[in-house]
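Listed here are the chains, written in short residue letters.
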Amino acid sequence: MPQPGHFRLHGRAQPPLVAGDYVIEGDQSIPEEPSARFDSYRGHLRVTAPRFRLPPDHILSTFPPANSEGAYETRLPQIVLRRRTLPWERSTDPEVPWLALVVIAEGEGELSAEKKVEDCVTPGVTLTGPNDVATGVHLTVTESVVKKIFPTKDDLPLLTHVREVDIHDTELAMGDDDGFMAVVLANRLPQFDRVECKPIRYLACLINLEGQYDVLPPPSEPVDRFIATEFVYDAALALEQYQIDPDLAQMGVGHVAQLQQMQRSGGATRARQAGSAADTSSVRAGLQKGSYAGASQPKTMQQWQLATQTVENVAVTAPSGEASRLVRDAMKVGFRFPIEGFTYERVFRFPVLTHWSFTVTGAGGFETLMRNLDVGLLGTLPAPREDAARPPCADPPAGAAPPPTAIARPEPELAETGHVGLPHLTRRGEQIRAWYRGPLTPHVMVRDRDPETEDGRTPLAHTSDQLRRVVPDGREDLSLAAAFEIGRLLALSHPSIVAALMRWRREQFGAARAKKIVELAAGSVALLKDAVHDVGVTADLGRLLGRSVILASAKDPEHVLAPVRPLKDPARPIEFLVNRDIDEVLSVGFGIPLKTLHTMRERMDASVLSEVPVPVSPKGPEMAIDRDALQHALAERVNAIATDVLRGQKDVITHRSTAKTRKRSEPEPDALDELLDVAARRRREEIEG
Amino acid sequence: MKVTLTATQVMNVMKDVVTSTHPAPTDEGDLGDRIVPRDLRQFLARLRLLGGVPFSYLVPDSQLLPPESIRFFYLDRAWTDALVQGALSVGTVNSSDRAQLEQLYPAIRDEIDEEERIVRVPGSEGARVGRAGQVTGFLLRSRAVSGWPGLHVRAYRSDVVGDDEMVDEGHPDRLKLLRLERLAPAVLLALFDGVPAVVHIEEPRQGVQFGVRLDSAGGANTFRAFVPARSASTGRDLEPQRDMRVHFRAGAPGVIDMRKTAEEFLNTPGTNMGSALDGAEFALQMIRFPYRQVFGDPSVTAPQPIDAVFRPTVAYTLKNLEVRFSEVIR
């Protein structure tokens, strides 16, 4: 696959099977068993391909675009087909495509209405095999047109090729699925009508050549130049004379019958037809129409514009389901002359798979147009040229009325600065001339060029009259005033902009009032006054001030509001602990000699404490009483605990059995447990015994 | 709670507030806080680029822009300023409004200067920032505009780019397009951010086209056609260029005689196409690439000095008379 931006060209793409009905036959025999018989297989296969109508999704693009207008004189019309094998799918000779793109101008052929497909080919030709649709359209052309503009059989392979592109390349692949596409070129460069100097509509038809290859013209004697005004064929000439209505002709009524009669009886029509057919190289001069083309130009121009307009209207208004059919129908306008009704030449019909029309509105192409542009700065009058706007057209024939001249316009009054003198109706009703220059000037303009101000900036204007200037020659220069006025009108024409301006004004006004109040309030404080002055106008100052005071306070509250309370408070100091040695405090408090404490700390061993005698309080009468009471209370307490333990042991038994798994987390029974056990045993004996 | 506030503290805070805060944060546009609300700013910037201004205000006389012409110009900033002032005047009702707008106007002007550069920002391009400079542009009135929708327009500050080269959007010498719009089916307006030395206008690159180059062959309405030869092995044009004549069928204008043309193609040395021509080889020779017109190439001198066209009738202060564009055909 070629890389993006590149493409590869192939001469053709051969389909494995051309369209048609096939029979597959299968037989089987076994040499070792000659007597064995098998049923032979017989299957039917149909290879389909479009024949009378191309489904729209087969078309990738066309050039020139359908219904477009432009100078396409140097470009060959083309159609790009999605299916790469399509141009060869019905070919009898694998080298020669069965499709051709022919381009006919208005009047050179007739595009029929929907007809049965049997009627879509020249009478006498029959196309065998299955058809894709029941009805189709066909192109009717005379033998002379076929001879002049149709490709020869040898041309067909040259006009068709296959292009291979990268499918990711949006510009080249245009959304194709496999990156291969078939291209069919036309063999005709569409020309501008130089005789009548008017645009020509062309119809590009993709036609089916099946069974009619022999109709195609033989190779002719080539020339290396062509005369663009040469006459090909124009059915419209006859039509104009007899006012044939294509619709009536189609229905076989009205003028057609008359016309055919007239033609058969010979006479002027026949002579003229024969004349134009015989003298094929005759230049289609205006004489044939009996008047100079210039006079009829408005009419023909109108027709062409009408046709293009109609197609556009149909495209916009048609219901979506029928749009494609109706648009194609509308494009036929101008290609519906009932040629078969009046010509004595051989007439051929070719099935049309698809067709589109375009208009050549100018001579040359893009390159010619760009090269012939009149280049200059704005404010330059066009350079005098013989005929810059119109393409070179044929000279009017001698004796014809002179071409209508354009109404002469006075040259604009143009100043070197780009100013244009324009009529000015003043407010008092005087008709004078004033200078005007738009925003587009031929010179570099300095933006701030007001001579009356220091920096050159024009002070803001509030009405357009402030911008009116009088230039040294005594006339007014209304450029800026006009600009101001159109700006004002443009703003007024947008209700949303007016609303936005008014809303903005209200906001500004509120801000100004806030500023005024601040100024008044802070009038005595020089500091604030300066600050307010520096900033200028502020909107919504009050809200801002409040928010900012809070934010600033939050940032530095110790200074603005109050010192911060610490996270935790220290407790009250204990008096006797203050400024005393800790050992001394311990020694006094617990009655341990100071020396023992020191030894304990040195050895890091608390066993020395066992040797310390417990201080006993001096005997006293009140103490004795106390001892008995204490003894009693203790006994009671021990009993209570023992009872508790007894009660608890029952729980403990069940507890232990269930809690075996938790053993690890349970502490080993220690001295206290032993004591409790003893107390509990004693208590139990007491109770039981 | 007891709070102590001293006068100095309050004053300091208020000073901070008043000096540090941007006035009137009215929106959150992509330019950040501005004085002018965003919708107004965008409208005024579009107005600066002449959006919506009637065509007769741009070109007061049709002869200034005749059919099939291109006219280059400088944008008059004073004119667009007046336009903006007119639009702003809608929002003032009384004299205090006007006094206020007068104070505010320099800031508004600067903001729209910034905004006008981001009116048209195509995907890959970054917007230029800073104060507005000189704006130039052209008006093209031609059938090329109506027949070829989607013309490519590029402008360069200096002529460093080869006439056939492709340059991406980010090239430093490439001027940014402020506006590119069809004002009418056949009238194209382009505005550039700066003064270009060269302007390229190119045919749209839609698909691949086939065709010839037409050449007048003496007599009236008589044409010859040719195509520059390409080598079938490389796909490139031959160096030096060798033109191959295209032959036509007698009596039918524009109908190509393929047999003779194919012969001509085969007989041209260098095309490397073997003994027979097929569809692909024919197509290769007929492919036409988009045409590019270059304006302002200094290597070609103007046939007629543009000054000669002007007739001085009004005395007017001009600080800098500079004529950059000249008629050039590549």
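What you see is a predicted model; the values in this text were computed from it and never measured.

Brief notes about the confidence of the model for chain B
Residues and elements named next belong to chain B.
Stage number 1. Averaged over all residues, the pLDDT of chain B equals 74, while 71% of them reach at least 70.
Stage number 2. pLDDT under 50 marks residues 20-30. Its contacts with residues more than four places away, or in other chains, come to 24 contacts.
Stage number 3. Every residue in residues 299-330 is under pLDDT 50, and counting partners more than four places away or in other chains gives 67 contacts.

Things to note about the packing of aromatic side chains
All names here are of chain A.
Stage number 1. Evaluated as defined, the whole model comprises 11 aromatic pairs over all chains.
Stage number 2. Consider the rings of Phe-150 and Phe-350, whose centres lie 5.2 Å apart with planes at 40°: the pair is tilted. Residue Phe-150 is found in the loop between helix H1 (143-149) and helix H2 (155-158), and its partner Phe-350 is found in strand E17 (residues 347-360); the two are separated by 200 residues along the sequence. Just as Phe-150 is buried, Phe-350 falls in that class too.
Stage number 3. Here the aromatic residues Phe-63, Tyr-72, Tyr-202 and Phe-358 are joined through ring pairs into a cluster of three or more.
Stage number 4. Positioned over the ring face of Phe-180 is Arg-84, at 4.0 Å from the centre of the ring.
Stage number 5. The positively charged end of Arg-475 is found above the aromatic ring belonging to Trp-435, 4.4 Å away from the centroid.

A word on the interface of chain B and chain A
Stage number 1. Counting residues at the interface gives 154 residues for chain B, matched by 154 residues for chain A.
Stage number 2. Our count for the contact surface shared by chain B and chain A stands at seven salt bridges.
Stage number 3. Note that Arg-447 of chain A and Asp-81 of chain B form a salt bridge whose closest N and O atoms lie 3.0 Å from each other.
Stage number 4. Across the contact surface, chain B and chain A share 26 residue pairs in polar contact (both at pLDDT 80 or more).
Stage number 5. Sort the elements by how many residues they give to the side of chain B that touches chain A and helix H5 (residues 95-115) of chain B lands first, with 13 residues.
Stage number 6. Broken down by class, the residue content of the side of chain B that touches chain A amounts to 85 nonpolar, 34 polar and 35 charged.
Stage number 7. Note that strand E18 (residues 374-377) of chain A and strand E1 (residues 69-75) of chain B share four bridges and pair parallel. Within the sheet, the bridge partner assigned to Leu-377 of chain A lies in E1 of chain B and is Phe-72 of chain B.

Observations concerning the sheet that holds strand E13 (residues 180-185) of chain A
All names here are of chain A.
Stage number 1. In spatial order, the strands read E1-E12-E13-E7-E4; together these five strands make up an open sheet with antiparallel pairing. Edge positions in the open sheet fall to strand E1 (7-10) and strand E4 (59-63), since each of these has one partner strand only. Direction aside, the axes of adjacent strands within the sheet are offset by 25° on average.
Stage number 2. As paired elements, E4 and strand E7 (residues 78-81) share four bridges and run antiparallel to each other. Counted as the bridge partner of Phe-63 is Gln-78 from E7.

Basis of the calculations
- Sequence order sets the numbering: in each chain, residues are counted from 1 along the sequence as written.
- A letter from A marks each chain and a number from 1 marks each ligand, given out in the order of writing.
- Local features in a predicted model are, by the rule used here, given only for residues with pLDDT of at least 70; side-chain atom pairs are given and counted only at 80 or more, and totals for whole chains, interfaces and linings are based on all residues.
- Computation of side-chain values: all heavy atoms of the structure, hydrogens and water removed.
- Confidence of the prediction at every residue is given by pLDDT, a number between 0 and 100.
- Note on definitions: a residue-residue contact is assigned when non-hydrogen atoms from the two residues lie within 4.5 Å.
- In summary, the pairing rule links any two rings of Phe, Tyr or Trp, Trp by its six-membered ring, whose centres are within 6.5 Å, and it sorts them by plane angle into stacked for under 30 degrees, edge-to-face for over 60 and tilted for everything else.
- Working definition: helices are DSSP H or I runs of at least four residues, strands are E runs of at least two. Numbering for both runs from the N terminus.
- Relative accessibility thresholds used throughout: buried, under 20% of the residue-type maximum; exposed, over 50%; partly exposed, between the two (1.4 Å probe, protein chains only).
- When the NZ atom of lysine or the CZ atom of arginine is within 6 Å of a ring's centre and also within 35 degrees of its normal, the charge is said to sit over that ring.
- A side-chain nitrogen of Lys or Arg and a carboxyl oxygen of Asp or Glu constitute a salt bridge if their distance falls within 4 Å.
- N or O atoms within 3.5 Å of each other form a polar contact, as long as, within protein, one can give a hydrogen and the other can take it, and as long as residues adjacent in sequence are counted only when both atoms are side-chain atoms.
- When residues are sorted by character, Ala, Val, Leu, Ile, Met, Phe, Trp, Tyr, Cys and Pro go into the nonpolar class, Asp, Glu, Lys and Arg into the charged class, and all the rest, Gly among them, into the polar class.
- Two strands are said to pair when DSSP picks up at least two bridges between them.
- Working convention: axes come from line fits to C-alpha atoms, limited for helices to the stretch in contact. Angles between N-to-C directions cover 0 to 180 degrees.

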